[in-house]
Amino acid sequence: MKKTVSALLCALLLCASGAFPAGAADAWTVTMRVGDPLMTVNGMETEIDPGLETVPIVVHDRTLLPVRALIESAGGTASWDGPRQRVTLTLGEDSIVLTIGSDTAYWNDAPRTLDTAPEIRNGCTMLPIRFIAESFGFHVDWDGAQQLITITAPTAPQTEPYENVINLSEQTTQLESGLSAVSYSGETLFDEFLAQGGAATDAELVRFLQSHIVQNAGELRLASNTFGCSAIAVKNDAGEALFGRNFDWYSSDALIVRSKPENGYASISTVNTNFIRTAYGDFMSLPEKARTLVSLYAPLDGMNEKGLAAAVLYIEDAAAINQNTGKPDLTTTTAIRLLLDQAADVDEAVALLKQYDMHDSLGMMVHFALADASGRSVAVEYIGGEMVVTETPVITNFYLADGSKQGLGSSQSHTRFNTLTALLAESPTMQMADVRDALSSVSKRHFNDGETTEWSIVYNQAQRVAQYYHRENYDKVYTFRVG
């Protein structure tokens, strides 16, 4: 009978070791035998837990392994949070978080369902080794006749090195003046927002937020004026999809939010907190959790764990988006949230948008830039109440769809569009640094109109990495991993 392989982690025995460098792993094999306190790592025999006689055991037809020794032999770390009953395993840039009694684990912040919930038995935490090992790219083999477990890691693929990777927590971190970041996991109430019909206006959205999230914040409102933006989609030499985006406005406060909702994809998104006003005055003075939850309803761009990137860009036109076909309603920013939570690619994103009536946020005509991990990129525009999808690798601030409105927008947006299009013609493939330089070439410092490029983002949609540059300082990068 084939046994289910689980793992044994004694919380009191946890310790740390050096991080495993992503992209630099050699082939690696660990073997353990039931009842034997020794294991072999690449053929070298060692104690599983020196001096403690820890052994793999069989409990109720399941083989339990000491996962701490496994992770640390690969150069990773294991930590135990007693108050939260939570185990965190880290290997290189990747992490797994498991909670006692919960069948939901988080792989790089993305929720995953376990066959068996972790449990504590005789003071030790039982973890599902197959999920852990295979998530980290290992292969697990069980030899019932010899009671032998073999775990193998192949040579890891080379990945692009990343500078200044930021580890986020649920406490907001100020990265520099005007730029902060935070992480959130759990219930966002967005499903409830959609179930009650969404919102056709910013005022309706505010009423939902005030009744469900910020009951004690007094007046909450969304307000802005026009903003300029540029977006570009391209592949690198390895065939990985990249997406770059500039957000151009006046000096403002940006909040980067990494979220892992209970019923959706993990994502990273950006909020201009100056667009949100409360009775407190400064939005950042709201209570931490309320501030983060409200921010999830006001993203201007983002990428999810499937590699779908979405951004909203202004169009200089007096027309408004106000569909009224009897479908549930979305505003501009809640549409971005919907796509990040629920769409895996451009096709799914477009299909989702068709299920809702769209209404512009902040009283501005906009279009959406959508791009996915396959390299497909489109502009979604609303003309005469109809949604129009146009394939394009470059989007700025004028209409792209065929018809009478094509080209309507600012002259500066045409200049930026032409600059990016020319760069793509010259370099059909780009690395992330090239996309950064392309964004720099159309940043606001070239136009002297009083605005700045408040943030530039380069997404690697295959590796789920986001690199941020703040206020046109392209020598300083902040790197975030989505999943």
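For the structure, see preceding data.
Heads up: these notes are all about the structure in this document. Along each chain, residues carry numbers from 1 onward, in the same order as the chain's sequence is written. Where local features are concerned, this predicted model is filtered to residues with pLDDT of at least 70; where side-chain atom pairs are given and counted, the filter is 80 or more; whole-chain, interface and lining totals use all residues. As a convention, hydrogens and water are excluded, and side-chain values are obtained from all of the structure's heavy atoms.

1. Remarks on the pairing of strand S34 (residues 478-481)
Phase 1 of the analysis: Residue burial is assigned from relative accessible area. The probe radius is 1.4 Å, only protein chains are included, and a residue is buried under 20% of its type maximum, exposed over 50%, and partly exposed in between. Strands are runs of DSSP state E lasting at least 2 residues, helices are runs of H or I lasting at least 4, and numbering of each runs from the N terminus. The two faces of S34 match: Tyr 478 and Phe 480 on one face and Thr 479 and Arg 481 on the other face are all buried.
Phase 2 of the analysis: Relative to S34, strand S33 (residues 465-470) runs antiparallel, the two sharing 4 bridges. Its bridge partner lying in S34, Ala 466 is registered against Phe 480. For two strands to pair, DSSP has to find at least two bridges joining them.

2. Considerations on the sheet that holds strand S22 (residues 267-272)
Phase 1 of the analysis: With mixed pairing, the 9 strands of this open sheet are ordered in space as S16-S17-S21-S22-S24-S25-S28-S29-S30. A single partner strand is all that each edge strand has here, and the edge strands are strand S16 (173-176) and strand S30 (386-391). When strand polarity is set aside, the average angle formed by the axes of neighbouring strands in this sheet is 20°.
Phase 2 of the analysis: Residues are treated as being in contact if the distance between any of their heavy atoms lies within 4.5 Å. Every axis corresponds to a line fitted to the C-alpha atoms, with the helix fit spanning only the stretch in contact, and the corresponding angles, defined between N-to-C directions, vary from 0 to 180 degrees. Along the sheet face, helix H5 (residues 288-295) touches strand S17 (179-186), strand S21 (254-261) and S22 and points at about 90° away from the line of S17.
Phase 3 of the analysis: Contacting S21, S22, strand S24 (301-304), strand S25 (309-314) and strand S28 (366-371), helix H6 (residues 332-342) runs over the sheet at an angle of about 10° to S24.

3. Structural notes on the nonpolar core
Phase 1 of the analysis: Judged by nonpolar contacts, the single largest core of 105 residues is most densely connected at Leu 370 and Phe 480.
Phase 2 of the analysis: Among the elements that make up this core, the one with the highest residue count is S25 (6 residues).
Phase 3 of the analysis: Ignoring any residue separated from it by four or fewer positions in sequence, one finds Leu 370 in contact with Ala 309, Ala 310, Leu 339, Val 346, Ala 349, Val 350, Leu 353, Arg 376, Ser 377, Val 378 and Val 380.
Phase 4 of the analysis: To form a nonpolar core, buried Ala, Val, Leu, Ile, Met, Phe, Trp, Tyr and Cys residues must be joined to one another through side-chain atoms within 4.5 Å. Within the second largest apolar cluster, 28 residues are counted, among which are Trp 28, Val 87, Ala 105 and Leu 127.

4. Structural notes on helix H4 (residues 202-212)
Given 3.6 residues to a turn, an α-helix orients residues that are three or four positions apart in the same direction.
Phase 1 of the analysis: Residues of H4 that are buried include every one of Asp 202, Leu 205, Val 206, Phe 208 and Leu 209, and no others. The arc that holds every buried residue of H4, seen down its axis, measures 160°, which confines them to one face. Working definition: the arc comes from the directions between the helix axis and the C-beta atoms, pointing outward to the latter.

5. Re unusual backbone geometry
Keep in mind that most residues, glycine aside, have a negative phi and that most peptide bonds are trans.
Phase 1 of the analysis: Notably, Gln 85 is not glycine yet its phi reads approximately 55°, a positive angle.
Phase 2 of the analysis: Locating Gln 85 in the fold gives a position in the loop between strand S7 (77-81) and strand S8 (86-91).
Phase 3 of the analysis: Its relative accessible area of 30% is what places Gln 85 among the partly exposed residues.
Phase 4 of the analysis: Even without being glycine, Asn 164 reaches a positive phi, approximately 55°.
Phase 5 of the analysis: Along the chain, the position of Asn 164 falls in the loop between strand S15 (148-153) and S16.

6. A word on the packing of H6 against helix H7 (residues 346-354)
Phase 1 of the analysis: Relative to each other, H6 and H7 sit at 135°, their axes nearing to 10 Å. On the basis of their axis angle, the class for H6 and H7 is oblique. H6 and H7 meet at a crossing whose hand is right-handed. Residue-level inspection shows Ala 335, Leu 338, Leu 339 and Gln 342 of H6 in contact with H7, the latter providing Glu 348, Ala 349, Leu 352 and Leu 353. The scheme is simple: roughly parallel for angles under 35 degrees, roughly antiparallel for over 145, roughly perpendicular for 65 to 115, oblique for anything else. The hand of a helix crossing depends on one turn: near helix anticlockwise from the far one by less than a right angle means left-handed, and clockwise means right-handed.

7. Some thoughts on the side chain of Arg 245
Phase 1 of the analysis: As for its position among the elements, Arg 245 is in strand S20 (residues 241-249).
Phase 2 of the analysis: There is a polar contact of 2.5 Å between the side chain of Arg 245 and the side chain of Asp 301.
Phase 3 of the analysis: Any pair of N or O atoms that falls within 3.5 Å is considered a polar contact. Within protein, one atom must be able to donate a hydrogen and the other to accept it, and sequence-neighbouring residues count only if both atoms are side-chain atoms. Looking at Arg 245, its side chain comes within polar contact range of the main-chain oxygen of Val 312, at 3.0 Å.
Phase 4 of the analysis: Beyond its immediate sequence surroundings of up to four residues, Arg 245 is in contact with Cys 229, Ser 230, Ala 231, Leu 300, Asp 301, Ala 311, Val 312, Leu 313, Leu 439, Trp 455, Ser 456 and Ile 457.

8. Examining the packing of aromatic side chains
Phase 1 of the analysis: Here a pair means two rings of Phe, Tyr or Trp (six-membered ring of Trp) with centres within 6.5 Å. Their orientation is stacked below 30 degrees between planes, edge-to-face above 60, and tilted elsewhere. The tally for this structure, following the rule as stated, stands at 14 aromatic pairs.
Phase 2 of the analysis: Here the aromatic rings of Phe 243 and Tyr 459 are separated by 6.2 Å at their centres, their planes lie at 10°, and the arrangement is stacked. Placement of Phe 243 in strand S20 and of Tyr 459 in strand S32 (residues 452-460) is noted, with a sequence separation of 216 residues between them.
Phase 3 of the analysis: With centroids separated by 5.6 Å and ring planes inclined at 85°, the aromatic side chains of Tyr 468 and Phe 480 adopt a geometry described as edge-to-face. Of the two residues, Tyr 468 sits in strand S33 while Phe 480 sits in strand S34, which places them 12 residues apart along the sequence.
Phase 4 of the analysis: Here Tyr 468 falls in the buried class, since its relative accessible area comes to 1%.
Phase 5 of the analysis: Members of the aromatic cluster, each reached through a chain of ring pairs, are Phe 247, Trp 249, Tyr 250, Phe 275 and Trp 455.
Phase 6 of the analysis: A positively charged side chain is recorded as over a ring if its NZ (Lys) or CZ (Arg) lies within 6 Å of the ring centre. The angle to the ring normal must also be within 35 degrees. The ring centre of Tyr 106 lies 4.2 Å from the NZ or CZ of Lys 260, which sits over that ring.

From the geometry alone we can't say anything about function, so treat these as descriptive.
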